[in-house]
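Each chain, written out:
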Amino acid sequence: MPHPDLIAHAEQTRRDVIELAPGIWTAVGFAASNVHLIEGRRSVTIIDTSESTAAARDIRAEFAKLTDKPVGRIVYTHGHRDHVSGASEFSDGSVPILASHAFDSDLVDVGSAVGEPAILPRKALGRRTLAQFGFGLDPRERVSLGCGPGERPLDGLGAGFLPPSERVTGERDVDLDGVAARLLFAPGETADHMVVWLPDTRVLFSGDNWYHAFPNLYAIRGTPYRDFAAWAASLGKLAALDAEVLAPGHTRPVVGAAGVREVLETTRGAILHVMRSTAGGMDAGLSLDDIAASAGLPAELADKPWLKSLYGRPDWSARAFATGTLGWYDGNPTHLGTLTSLARARHVAELAGGVTALVERARTTDDLQWRLELCDHLIALGEPAEALKADAMERLADGEINATARNTYLWEAKRLRGTLDG
Ligand SMILES: [Zn+2]
């Protein structure tokens, strides 16, 4: 059975079209991410467009029940593909598309500085993305994405992107066909974030700088360092707006000024706590393993339902902050040299009293993390430990509150068993 908190979190991504204020709606649960609608005098504004043309079509059909006014403009909060890939369902490309000056999308091949395609481990990123989001898992296994529903239409995934036609630097007041709005540059989950603030109705569209889960300061699919300090600063800036309604890029809106302020300020506090405790551990000369193993939140933050590790995790964040600030070297000269996986596995097998004894220990230990590590040594030695490792990962998945870890355990277990579709 999946973790009960993960099952309960599905309420946050239940399909719903919610009115945030007169003429302002958000569509939650139709896709991994939310799409917002602001009705103007003769046209509407769409904020973000979802991950696929199929989901965007569903949302467009829902919005058509609310208004028949045409789309006058689109705003992207950031360039992640789950927010920009349904644009072609809302526009034929003729309306303005606004994004921040820093807008960056992995759907745009920007090439490298030397004028060739960027040199990146694209296959690794692709494989890990499939694992994190559980593509190819049984729908009953993939209960959640951590920030969105496990089940949603996937036709046209990544297919409907339209590039921004206008880049906004800093802050800009704009007229959304009769609705006053302020676009604010607010780097956070990504460096290109731009939020939308409606001062008259006090509705704030935060993009992914807030959602109902511990912030994904590090995505296990693989991501460059996300600037923790910038994200915390942006959350402070958003809290100071004193919004009445917070409409995030994922999960349901938060209504009421006190509640909005609380979720933004405590999330900011959680990021600052991870930064302080990690820096403190590094200053004290602790190993990265020990820093990560003891990472967590103080009781007053750990209690908050929106700070549970459903999407991001404090231990992964601690590793990301440590490597993002001082790089891979942890200060322990042991790590200046390298043993190959095979050399280490041979040493461990020798210590255990031989390969047979190592197999026995991997089978009998109650510590599932230790079992995974022993299985890795056995696999390095060419021993058939794949099924044993898969079994340990499936058991870990059952107790795992984090959706991306759960999906990855289950996906990798299937891969090891050779039962992954496609
Ligand atoms: Zn997102």
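Residues numbered from 1 in each chain as written. Predicted model: local features only at pLDDT ≥ 70, side-chain atom pairs only at ≥ 80, totals over all residues.

Attention shifts here to the nonpolar core. Buried together is how nonpolar side chains tend to be arranged in soluble globular proteins. Counting residues in each nonpolar core, the largest one holds 87 residues, and the members touching the most others are V195, V196, W197, V203, L204, L238 and L246. Those residues in contact with V196 that sit more than four places away from it in its chain are I47, V75, A181, L183 and F205. Core analysis: the second largest hydrophobic core is formed by 21 residues, L358, A385, M393 and W411 among them. (Core = buried A, V, L, I, M, F, W, Y, C linked by C-beta atoms within 7 Å. Buried ≥ 20, exposed ≤ 12 C-beta atoms within 10 Å, placed from the backbone. Contact = placed C-beta atoms within 7 Å.)

Here we come to the packing of helix α4 (residues 122-132) against helix α14 (residues 403-417). The contact between α4 and α14 brings their axes to 7 Å, and the two run at 110 degrees. Considered as vectors, α4 and α14 are oriented roughly perpendicular to each other. Contacts from L130, A131 and Q132 of α4 reach α14 at T404, N407, T408, W411 and E412. Considered class by class, the residues forming the contact of α4 with α14 number three nonpolar, four polar and one charged. (Axes fitted to C-alpha atoms, helices over the stretch in contact; angles between N-to-C directions. Helix = DSSP H or I, 4+ residues; strand = E, 2+ residues; numbered from the N terminus. Parallel < 35°, antiparallel > 145°, perpendicular 65-115°, else oblique. Nonpolar A, V, L, I, M, F, W, Y, C, P; charged D, E, K, R; others polar.)

This next bit is on the sheet that holds strand β12 (residues 245-248). Spatial ordering of the open sheet is given by β8-β9-β10-β11-β12-β13, a layout of six strands whose pairing is mixed. At either margin of the open sheet sits one strand with a lone partner, and together these are β8 (171-175) and β13 (254-255). Pairing of β8 with strand β9 (residues 180-185) involves five bridges; the strand directions are antiparallel. When the sheet's bridge partners are listed, R172 is paired in β9 with L183. (Pairing = 2+ DSSP bridges.)

Strand direction decides the pairing type here: strand β1 (residues 16-21) and strand β2 (residues 24-28), joined by five bridges, are antiparallel. For I18, the partnering residue across the bridge sits in β2 and is T26.

A few words on unusual backbone geometry. Phi at S50 takes a positive value of approximately 80 degrees, unusual for a residue other than glycine. With respect to the element layout, S50 can be found in the loop between β4 (44-47) and α2 (53-64). Here the phi dihedral of T251 falls at roughly 70 degrees; this positive angle occurs in a residue that is not glycine. Assignment of secondary structure puts T251 in the loop between β12 and β13.

On to the domain arrangement of the protein, then. Here the domain parsing of the protein yields domain 1 (4-108 + 120-267) and domain 2 (334-417). Placing a centre on the C-alpha atoms of domain 1 and another on those of domain 2 gives a separation of 38 Å. Listed by partner, the interface residues are 15 residues for domain 1 and 10 residues for domain 2. Of all elements in the fold, only α1 (4-9) and α4 reach the threshold of two or more residues within the side of domain 1 that touches domain 2. Broken down by element, the residue count for the side of domain 1 that touches domain 2 peaks at three residues, all from α4. Partitioned by chemical class, the residues of the side of domain 1 that touches domain 2 number seven nonpolar, five polar and three charged. (Domains from an automatic or database assignment.)

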